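# Observations on chain architecture
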Amino acid sequence: MSTFLNNRFDFTVFCCTFAPVFLRLEMNRNTVTGLVLMALLLIGFSWYNQPSKEQMEAYQRQQDSIAAAQAQAEQQRLADEQQRAEAAAAAAKGDTTSLFYQALTGTSEDVVLKNEKVRLTFSTKGGMLSSAQVLGFKDRNGADDVTLFTNEGQRMNILIAGKDDNVVTEDLFFTPSNVTDSTLTMTASAADGGKIVIDYRLHDDHLLHIGFRAQDMSRHFAPTTKQMAIEWQDSCRQQEKGFMFENRYATLTYKKHDGKTKYLSETSEKSITTEEALDWVAFKNQFFSAVLIAKDEFAAGAQLTSKPQEKGSGFLKHYDAQLQTVFDPSGVKATELEMYIGPNDFRLLQHVEKKSEFGKDLDLQQLVYLGWPLFRIINRWFTIYVFDWLTKLGFSMGIVLILITLLLKAITYPMVKKSYMSSAKMRVLKPKLEEATKQYDKPEDQMQKQQAMMQLYSQYGVSPLSGCLPMLIQAPIWIAMFNFVPNAIQLRGQSFLWIKDLSTYDPIVEWGTHIWGIGDHLSLTCILFCVSNVLYSYMTMRQQKDQMVGQQAEQMKMMQWMMYLMPVMFFFMFNDYSAGLNFYYFISLFFSAAIMWVLRKTTDDAKLLARLEENYKQNKANPKKQSGLAARLAEMQKQAQEQQRLRQKR
């Protein structure tokens, strides 16, 4: 669904941005009708797929049934695990020859590793990480720290096939030793003196190093045993206010060893079996991630599953990763893993990757989604640097968004001015064009009329296409910011003016029932964005109308409906989006309108027309041959005119 929303956003921005470009190319009625139908088709498709009340009730019953089945399955799984553990303990009591007889019984205790960034709790039952808190970030209920996962939803287990007994770490009780704030050793002792040893070492940031080894146990494993299995599951907790918005950015993400980063569907249940080895697997939500990294890769054939959870459950997804990695039964070489537990902060992830002991190109920054390649380049090499610079100056996040907008407007101003002046030239020439082409008012003469207009534009030194480049440049910037702002963790929890949190929606009215297309609230910044979009569209259409000649003015009436329809579509798309993104678009449109108003007030039409008359005299004395796109368009028009003439003769 988020991919569809992104594509629909790209299409909408395309239509809003390039409608004036199409008009500059002198569209005919069929082209305008086609564009209008495209917009109507998109809205009609959304309306047609709106479920009926009966379908919604049936869907809710289905979801309730699924939720009940899932809950029953989870209860059954827990019961089975408890039964298996009890059976193992009972068997151990009755069979003192069991390999891990002593480790199958005991008391579960918690051991904590912590620094200024994270607090990690390990259980002696299973010897694994049972809960994790990221410090310094408030959760959605106002608590001082974010609980990324607990032992209620997260599970990690290591399995190794033995000759007689399999090693299953979640069945064993480990003895903690070497305990400090940053180090911990968990040991499960075998009956014959062998041991399973897990060494944990917490860095001074968000990185945890894990070393797993079997000590004096090689006789219990077959010579062909070279791998161990890792079962990792987690119910991804909802951390932000907006469930739907956060859910779009919660994904099970993984990196192939060849360098490509992929993720499972954000909206539907998805399971895959990988064909390539993996460097890491991440259980990710919008702003925080838990990442498991293998020094010697996870083998091909990893089974990854992501299952969306219901709104109100407190969880976004249920993640499951069944992995295998290298294991040395002799105990000479430990199996080394690392875990990153922390925020999806681009610069922090770069820093952590440098501190990794594995010396691999992990590319953890891919956890911060910056858009498709073109938009990612803009965000990676421009937006992030500007954002970092302004943030270091101590400005609030709202001011940072305003300053980024001003900077982008300053950069694009020369091109915007060029685009406006192109429109202004066509506006002041409108009376002359109408007079020169009034003999071509019949529908069958429109091709000749367009050809005559292009010729006149060339004689006056005006290119209808000269304003296209600024629009081509500004659209990618808009889409790049669409990808950057929702993933900027720096906006999380930051207030500005009436906005309490720039990273989520800012409701002025909320209600308990979900309404299709709107949700359960109205966002003030979304309303401001859409209203400003309507006003800016009005200014743009007025500017375009002032330069239209003949039937183009009639075509403009059709285009107006599409231009005013786009802001309405934006409202249904963006009401659930972050206040920071809507605020940026509102400010961007405000400054765009202000620039257009200033240019209109400072342009002297009389002087501009006099300059064009001078160009006309010079070109008339020294006529220039059309070149470039204008020449190709003229040639296409001639060919179309000739084909029309031949059809009429037949």
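Residues numbered from 1 in each chain as written. Predicted model: local features only at pLDDT ≥ 70, side-chain atom pairs only at ≥ 80, totals over all residues. Heavy atoms only, no water.

### Things to note about the overall build of the protein
Heads up, the condition is: Only runs of H or I of at least four residues qualify as helices and only runs of E of at least two qualify as strands under DSSP, and these elements are numbered from the N terminus. We call a residue buried when its accessible area falls under 20% of the maximum for its residue type, exposed when it is over 50%, and partly exposed in between, using a 1.4 Å probe and counting protein chains only. Note on contacts: a residue pair is in contact if any heavy atoms of the two residues lie within 4.5 Å. Note on areas: Shrake-Rupley, 1.4 Å probe, and residue coverage restricted to the protein chains presented here.
Across its full length, the protein holds 15 helices and 21 strands. Burial analysis of the protein (650 residues in total) assigns 49% to the buried set. In the protein, the proportion of contacts linking residues at least 24 apart, taken out of those at least 6 apart, comes to 69%. Total accessible area on the protein stands at roughly 31000 Å², and carbon and sulfur atoms take up 55% of it.

### A few points about the packing of helix H7 (residues 397-428) against helix H13 (residues 579-602)
We count it as follows: Axis lines are fitted to C-alpha atoms, over the contacting stretch for helices. Their N-to-C directions set the angle, which ranges from 0 to 180 degrees. In this scheme, a crossing is called left-handed if the near helix is turned counterclockwise away from the far one by less than a right angle; it is called right-handed if the turn is clockwise. Each residue gets one of three labels, nonpolar for Ala, Val, Leu, Ile, Met, Phe, Trp, Tyr, Cys and Pro, charged for Asp, Glu, Lys and Arg, and polar for the others, Gly among them.
As a packed pair, H7 and H13 sit with axes 8 Å apart at the nearest point and diverge in direction by 35°. Judged by the twist between their axes, the crossing of H7 over H13 is right-handed. Residues Gly398, Leu401, Ile402, Thr405, Leu406, Leu408, Lys409, Tyr413, Val416, Lys417, Tyr420 and Arg427 of H7 form the contact with H13, whose own contacting residues are Gly580, Phe583, Tyr584, Ile587, Ser588, Phe591, Ser592, Ile595, Met596, Leu599 and Arg600. For the contact of H7 with H13, the class distribution of residues is 14 nonpolar, five polar and four charged.

### Topic: the packing of aromatic side chains
Each pair of aromatic rings is reported with the distance of its centres and the angle of its planes. The following threshold applies: The aromatic pairing rule takes the rings of Phe, Tyr and Trp, using the six-membered ring of Trp, and pairs them if the centres are within 6.5 Å, calling planes under 30 degrees apart stacked, those over 60 edge-to-face and the rest tilted. Charge-over-ring contacts are defined here by two conditions on Lys NZ or Arg CZ: a distance within 6 Å of the ring centre and an angle within 35 degrees of the ring normal.
As enumerated under the stated definition, the model contains 25 aromatic pairs in all. Relative to phenylalanine 574, the ring of phenylalanine 570 has its centre 5.6 Å away and its plane inclined at 75°; by these criteria the two rings are edge-to-face. Pair noted here: phenylalanine 570 and phenylalanine 574 are both in helix H12 (residues 551-574), with a separation of four residues, about one helical turn. Of the residues examined, phenylalanine 574 reaches a relative accessible area of 0% and is grouped as buried. A ring pair is formed by phenylalanine 574 and tyrosine 585, whose centres lie 5.9 Å apart and whose planes are at 70°; its orientation type is edge-to-face. Remark: tyrosine 585 occurs in helix H13 and phenylalanine 574 occurs in helix H12; sequence separation between them is eleven residues. Of the aromatic side chains, those joined through ring pairs into one cluster are Phe245, Tyr249, Trp478, Phe482, Phe529, Phe570, Phe574, Tyr577, Tyr584 and Tyr585. Over the ring of tyrosine 505 we find lysine 241, and its NZ or CZ is 4.7 Å from the ring centre. Positioned above the aromatic ring of tryptophan 381, the side-chain terminus of arginine 380 is 4.0 Å from the ring centre.

### Description of the pattern of salt bridges
To keep it simple, the criterion reads: A carboxyl oxygen of Asp or Glu within 4 Å of a side-chain nitrogen of Lys or Arg is what we treat as a salt bridge.
The tally for this structure, following the rule as stated, stands at 20 salt bridges. Between glutamate 231 and arginine 155 there is a salt bridge, with its nearest N and O atoms 2.6 Å apart. Here glutamate 231, found in strand E11 (residues 227-237), pairs with arginine 155, found in strand E5 (residues 155-160); they are 76 residues apart in sequence, far enough to count as distant. Its relative accessible area of 17% is what places glutamate 231 among the buried residues. Taking the shortest distance from any N to any O, the salt bridge between aspartate 192 and arginine 219 comes out at 2.7 Å. One end of the pair, aspartate 192, is in the loop between strand E8 (183-189) and strand E9 (195-202); the other, arginine 219, is in the loop between strand E10 (207-215) and E11, and 27 residues separate them in sequence. For arginine 219, a relative accessible area of 44% puts it in the partly exposed group. Each of Lys255, Asp279, Glu297 and Lys360 takes part in a single network of salt bridges with overlapping partners.

### What to know about helix H6 (residues 373-392)
Our working definition: By definition here, a helix of n residues has an expected span of 1.5 Å times n minus one. Throughout, the bend at a residue refers to the angle made by two axes, fitted to the seven residues ending there and to the seven starting there.
A rise of 1.5 Å per residue sets the reference length of H6, with its 20 residues, at 28 Å; its end C-alpha atoms lie 27 Å apart and thus fit the reference within 8%. When the local axis directions of H6 are compared, the greatest deviation, roughly 40°, occurs at asparagine 379. Those residues of H6 not exposed but buried are Phe375, Arg376, Ile378, Asn379, Arg380, Thr383, Ile384, Val386, Phe387, Asp388 and Leu390. Glycine 394 occupies a position one or two residues after H6 and carries a positive phi of about 90°.

### Some details on the environment of asparagine 533
With respect to the element layout, asparagine 533 can be found in helix H11 (residues 524-545). Sequence separation between asparagine 533 and methionine 566 is 33 residues; the distance between their C-alpha atoms is 8.5 Å. The residues contacting asparagine 533, other than those within four sequence positions of it, are Pro567, Phe570 and Leu589.

### Points about the confidence of the model for the protein
Low pLDDT means the predicted atomic positions in that stretch should not be read closely. Just so we agree on the cut-off: Confidence of the predictor at the level of single residues is captured by pLDDT, which takes values from 0 to 100.
For the protein, mean pLDDT is 83; residues scoring 70 or higher make up 77% of the total. Every residue in residues 1-32 scores below 50 in pLDDT, and together they form 86 contacts with partners more than four places removed in sequence or on other chains.

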